[in-house]
Amino acid sequence: LHQLFVRSASVPGMRVQILVMVAVCLSPRSWAQQEEGHDTCSLELSRLSRAEFVQLLGALVRHDDDPRLLQRLPEHMQAAGWGPLNASCVASHAPSRLPWRGFAARALLVTGTFRGGNLLETQLPVLCEAVDLVVLMTWRGEVPPDATLRQFPGTSLGRRCDFRILEGDRAWINRDIFVPFLPTNDVQDFEIRAGLGAIGQHFEPFLGPADILVIRIRFDLFIPKSTLQHILSLNYSVPSKHTARPFLYRVWIPWYDALQPFYYGDDVFAGSLFDLEQICWPTSMMSNIPGTMAQIEPHIHKWIMPFLPWYPFFFKYRRNAYDITDKLLNTNGSSPSGYASVVVDLALGGKFSRHVDAYLINLWSLHFQLMSVFFHVGKSPSTEATHVVVEPDSMCFTKGTHIRLGAVRCRVGSRGFAVEPSDEVTFDDPLFEDDKVTPCRVAPADTSKGIVHVSRNSTHWARAVHSKEWAQRVLEGTIPEDGISERVAAQASQSPLAATHFTTTRGRILAKEAGRFVGELSTQWCSELFDEAGGVKTKGESFVASCCTGDSAWAGCWSRLRRNPGSGKWPSKLWRSSCCFPDRMFCPAWLHHYTFHRTEHS
């Protein structure tokens, strides 16, 4: 465009025409008009039945995961030429075409490895009273032929709800069986996809995926009556301006991490079949580099996937821009418990450059807004945990309708569960980690104040929050100022949640700016290099914290290593530049060095 502008100097009036064209193309009204023929789209949609509309919307929102869904549309719909460019238009009609008026059917999906024990069969009487269908998805040979679960459908209790056992073969994981398009090697994802597919087939053709509520649990999870009734009693409607961007209705989760966006509890979650089919390990994801999203990477990839097409900003988060994503859970020992977040400490101390600091505040602001719009959390307003996880092979005992659980595990999200009278259950409070020796450190996040308080009072690297109210208080600015929380509130006020699909003109620009086509940044190997080359750290000291304390152009930890180049297999540039990171980091020493020595990082 610049070259055209320069060359047009000799043509009278040409520059004015070019400027007018650019202004029109970049105007918000133009984007709205360009969103792939809204008038034509609306006309075509008016000809579709409700079931056809659901099928089309599902094919579009899951297109990045399974492009073949569009090819499976009826011939008359394929002839209309529907494609990803129509996603915004179709989503805009979802509130009027698919308003939430309750679910017509309820299903329970149980997945995981069956290791014995009787927890599930002990819970089945209560579960079958609440749902129409129970699907067990496990692996061939894990449920013994004489197991009580196999006899359940023939009993009087089994006739209260439909009951199915699906048994997969682990050899299928790398084949295109059950998995819709590209095969996945993620075991949990395989089970969930297969189970959701079976639920959809069970209710066809009478009910579609938007009409079915699915509750997914694990074999070793106990879901009490109070939690079950809470899930069933919720209003799952989404504000019309956000409907189908990406979720048609709200999704229920038991907890979320206070500091790490999209780190949600997935021991149990619930939502419409339509929406849960979006929450899966993305077959179209970028390369899975270890350490890109810390130890909870499987959680983040699964939950962030539905939001990427509509909120391109999160492409930065997925690719670990500025090395923030996989460091949010890192601790640096600056709190009494030793579990304060290194990222929060550096942000509070003003150690970030301006653009990294702005990115972090925007990340929390946007994520909390998504939480407010698209999710139910826990048993809000209660801040107590919603369930417990027991030892896989433990035995439970019943006396009438009362259940005595076996050994309860120390797990993020289940610590802090309080029994309600209607639950009719008792259990021993978990005292130790899985090693049976280490005292249980897990505890819910202290949400009495803001983000800084949560970080400094953490007792574990995960900070589980069991209620949505805390995130809403942060957004509303009703939490005492701490140097970060009030800035998150101000950002949310200035930039309210607005979806922009990446197939629109503006969305394509935003996605590219956010690095949609840039590979993930993995820096975990840099810490390993530090150790291999003889780097010295104080016991219990965080690698990131020790490298980010220097104010000079050379990060402290690397200046020590310059005198000891270590293994010859590493490029000499790494040692000369003092920083082995391939992108701009949040550490001020690295940022300073990057600014003045760009050529060394080419």
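These numbers come from a predicted model, not from an experiment.

### Regarding the overall build of the protein
For step 1, the next point in the chain: Scanning the protein from N- to C-terminus turns up 25 helices and 14 strands.
For step 2, the next point in the chain: In the protein, of all internal contacts separated by at least 6 residues, the share reaching a separation of at least 24 is 72%.
For step 3, the next point in the chain: Here the protein has roughly 25,900 Å² of accessible surface; of this, 53% comes from carbon and sulfur atoms.

### Some points on empty space enclosed by the protein
For step 1, the next point in the chain: By the definition in use, this model includes 1 cavity of 30 Å³ or more.
For step 2, the next point in the chain: Here the largest cavity defines a volume of roughly 100 Å³.
For step 3, the next point in the chain: Forming the boundary of the largest cavity are Val61, Arg62, Asp64, Asp65, Glu277, Gln278, Cys280, Met305, Pro306 and Pro309.
For step 4, the next point in the chain: Within the lining of the largest cavity, the residues separate by chemical class into 5 nonpolar, 1 polar and 4 charged.

### Things to note about the pairing of strand E4 (residues 212-218)
For step 1, the next point in the chain: Among the 7 residues that make up E4, 6 are buried, leaving the element largely enclosed by the rest of the structure.
For step 2, the next point in the chain: Relative to E4, strand E1 (residues 105-111) runs parallel, the two being bridged by 7 bridges. From the neighbouring strand, Ala107 faces E4, where its bridge partner is Val214.

### What about the sheet that holds strand E11 (residues 397-399)?
For step 1, the next point in the chain: Reading across from one edge, E11-E12-E13 is the order of the 3 strands in this open sheet, with mixed pairing throughout. The sheet terminates laterally at E11 and strand E13 (425-426), the two strands that pair on one side only.
For step 2, the next point in the chain: Across 3 bridges, E11 lies against strand E12 (residues 402-404) in antiparallel orientation. Following the sheet pairing, Lys399 is matched in E12 by His402.

### Focus: the pattern of salt bridges
For step 1, the next point in the chain: Enumeration over the complete set of coordinates arrives at 13 salt bridges.
For step 2, the next point in the chain: Here Glu44 ties to Arg47 by a salt bridge, and the two come within 3.1 Å at their closest N and O atoms.
For step 3, the next point in the chain: Assessed through its relative accessible area of 55%, Arg47 is described here as exposed.
For step 4, the next point in the chain: Where Asp267 meets Arg218, a salt bridge forms, and the shortest distance between an N and an O atom there is 3.3 Å. Here Asp267 is found in the loop between strand E7 (256-257) and strand E8 (269-272), whereas its partner Arg218 is found in strand E4, with 49 residues between them in sequence.

### Observations concerning the side chain of Ser272
For step 1, the next point in the chain: Mapped onto the secondary structure, Ser272 falls in strand E8.
For step 2, the next point in the chain: Look at Ser272 and you get buried, because its relative accessible area is 0%.
For step 3, the next point in the chain: A distance of 2.9 Å separates a polar atom in the side chain of Ser272 from a polar atom in the side chain of Asp275.
For step 4, the next point in the chain: Excluding residues that lie within four positions of it along the chain, Ser272 makes contacts with Phe103, Pro209, Ile212, Leu213 and Tyr249.

### Some details on the state of the cysteines
For step 1, the next point in the chain: A full pass over the atoms with the stated rule returns 3 disulfides.
For step 2, the next point in the chain: The disulfide partner of Cys128 is Cys161, and the S-S distance across this bridge is 1.7 Å. In this structure, the disulfide formed by Cys128 and Cys161 twists by about -60° around the S-S bond and is classed as left-handed. In this pair, Cys128 sits in helix H8 (residues 119-130) while Cys161 sits in the loop between helix H9 (148-151) and strand E3 (162-168), placing the two residues 33 residues apart along the sequence.
For step 3, the next point in the chain: A residue is classified by how much of its surface remains accessible, and Cys128, at 2% relative accessible area, is buried.
For step 4, the next point in the chain: In this structure Cys161 comes out as buried when scored by relative accessible area, which is 5%.

### Some points on the packing of aromatic side chains
For step 1, the next point in the chain: Counted according to the given criterion, the structure contains 27 aromatic pairs.
For step 2, the next point in the chain: With a centroid separation of 6.0 Å and an interplanar angle of 50°, the aromatic rings of Phe262 and Tyr264 are classed as tilted.
For step 3, the next point in the chain: Residue class for Phe262 comes out buried when judged on its relative accessible area of 0%.
For step 4, the next point in the chain: Seen from the ring of Phe502, Arg516 lies directly overhead, with NZ or CZ sitting 3.9 Å from the centre.

### A short note on the pairing of E1
For step 1, the next point in the chain: Counting buried positions along E1 yields 6 of 7 residues, so the element is predominantly enclosed.
For step 2, the next point in the chain: Note that the unit made of E1, H8 and strand E2 (residues 133-139) has a crossover that is right-handed.

### A closer look at the packing of H8 against helix H11 (residues 225-233)
For step 1, the next point in the chain: At their nearest, the axes of H8 and H11 sit 11 Å apart, and the two run at 15° to each other. Relative to H11, the element H8 is oriented roughly parallel. For the pair H8 and H11, the crossing hand works out as right-handed. Only Lys225, Leu228 and Leu232 of H11 make contact with H8, whose side of the interface consists of Val126, Leu127 and Ala130.

### Details of helix H13 (residues 297-304)
For step 1, the next point in the chain: With 7 of its 8 residues buried, H13 lies for the most part within the structure.
For step 2, the next point in the chain: Where H13 is concerned, the buried positions are Glu297, His299, Ile300, His301, Lys302, Trp303 and Ile304.
For step 3, the next point in the chain: Contacts from the buried residues of H13 go to strand E6 (251-253), E8, helix H14 (314-318) and strand E9 (375-377).

### As for the confidence of the model for the protein
For step 1, the next point in the chain: For the protein, the average pLDDT comes to 78, and 72% of its residues sit at 70 or higher.
For step 2, the next point in the chain: Taken as a whole, residues 28-36 scores under 50 in pLDDT and shows 15 contacts with residues more than four places along the chain or in a different chain.
For step 3, the next point in the chain: This stretch, residues 548-602, has a pLDDT under 50; its non-local contacts, to residues over four places away or in other chains, come to 112 contacts.

### Observations concerning helix H20 (residues 505-513)
For step 1, the next point in the chain: Looking at H20, one finds that the buried residues are Thr505, Gly507 and Ala511. The buried residues of H20 occupy one face: seen down the axis, they fall within an arc of 165°.
For step 2, the next point in the chain: Positive backbone phi, at 90°, marks Gly515, one or two positions downstream of H20.

### Observations concerning unusual backbone geometry
For step 1, the next point in the chain: In this chain, Glu204 is followed by Pro205 through a cis amide linkage whose omega measures -5°.
For step 2, the next point in the chain: Assignment of secondary structure puts Pro205 in the loop between helix H10 (187-203) and E4.
For step 3, the next point in the chain: Between Arg245 and Pro246 the backbone carries a cis peptide bond, its omega angle lying at 5°.
For step 4, the next point in the chain: For Pro246, the location among the structural elements is in the loop between H11 and E6.
For step 5, the next point in the chain: Its identity as a non-glycine residue notwithstanding, Phe262 has a phi of 70°, on the positive side.
For step 6, the next point in the chain: Within the element layout of this structure, Phe262 appears in the loop between E7 and E8.
For step 7, the next point in the chain: Phi at Asn320 takes a positive value of approximately 65°, unusual for a residue other than glycine.

The rules we used
For every chain, the first residue of its written sequence is number 1, and the numbers climb from 1 along that sequence. With the structure being a predicted model, the display of local features is reserved for residues of pLDDT at least 70 and the display and counting of side-chain atom pairs for 80 or more, all residues being used for whole-chain, interface and lining totals. Neither water nor hydrogens contribute to the side-chain values; these are computed over all heavy atoms in the structure. Helix and strand assignments follow DSSP, with helices taken as H or I runs no shorter than four residues and strands as E runs no shorter than two, numbered in order from the N terminus. Contacts are residue-level and defined by heavy atoms, with any inter-residue pair within 4.5 Å sufficient. Values of accessible area rely on a 1.4 Å probe in the Shrake-Rupley scheme; residue burial ignores everything except the protein chains shown. Residues are called lining when one of their atoms sits within 4 Å of a cavity or pocket point, these points coming from a 1 Å grid over the protein atoms alone, where a cavity is a set in which a 1.4 Å probe fits but cannot get out and a pocket is an open set with protein on both sides within 12 Å along at least five of seven lines. Grid points are joined across faces, edges and corners, and a volume is the space filled by probe spheres set on the points. Amino acids are sorted into nonpolar (Ala, Val, Leu, Ile, Met, Phe, Trp, Tyr, Cys and Pro), charged (Asp, Glu, Lys and Arg) and polar (every other residue, Gly among them). Exposed residues in this analysis have more than 50% of their type's maximum accessible area, buried residues have under 20%, and partly exposed residues fall in between, with area computed by a 1.4 Å probe over protein chains only. Should DSSP find at least two bridges between two strands, the strands are taken to pair. Each reported salt bridge corresponds to a side-chain nitrogen of Lys or Arg within 4 Å of a carboxyl oxygen of Asp or Glu. Polar contact is defined as a pair of N or O atoms within 3.5 Å, subject to the rule that within protein one atom must be able to donate a hydrogen and the other to accept it, and that residues adjacent in sequence are counted only when both atoms are side-chain atoms. In this description, the term disulfide denotes a pair of cysteine sulfurs within 2.5 Å. The pairing test for Phe, Tyr and Trp rings, Trp by its six-membered ring, is centres within 6.5 Å, and the orientation test on the planes gives stacked under 30 degrees, edge-to-face over 60, and tilted for anything in between. Each ring is checked for a lysine NZ or an arginine CZ that lies within 6 Å of its centre and within 35 degrees of its normal; such an atom marks a charge sitting over the ring. Note on handedness: a crossover is taken as right-handed if, strands pointing away from the viewer, the path from the first strand over the helix to the second is clockwise. Axis lines are fitted through C-alpha atoms, for helices just across the contact stretch, and the angle between N-to-C directions can take any value from 0 to 180 degrees. If an angle is under 35 degrees, it is roughly parallel; if it is over 145, roughly antiparallel; if it lies from 65 to 115, roughly perpendicular; otherwise it is oblique. Helix crossings are classified by the rotation of the near helix relative to the far one: an anticlockwise turn of less than a right angle makes the crossing left-handed, while a clockwise turn makes it right-handed. For every residue, the predictor assigns a confidence score, pLDDT, that lies between 0 and 100. By arc we mean the arc of the directions from the helix axis to the C-beta atoms, nothing more.

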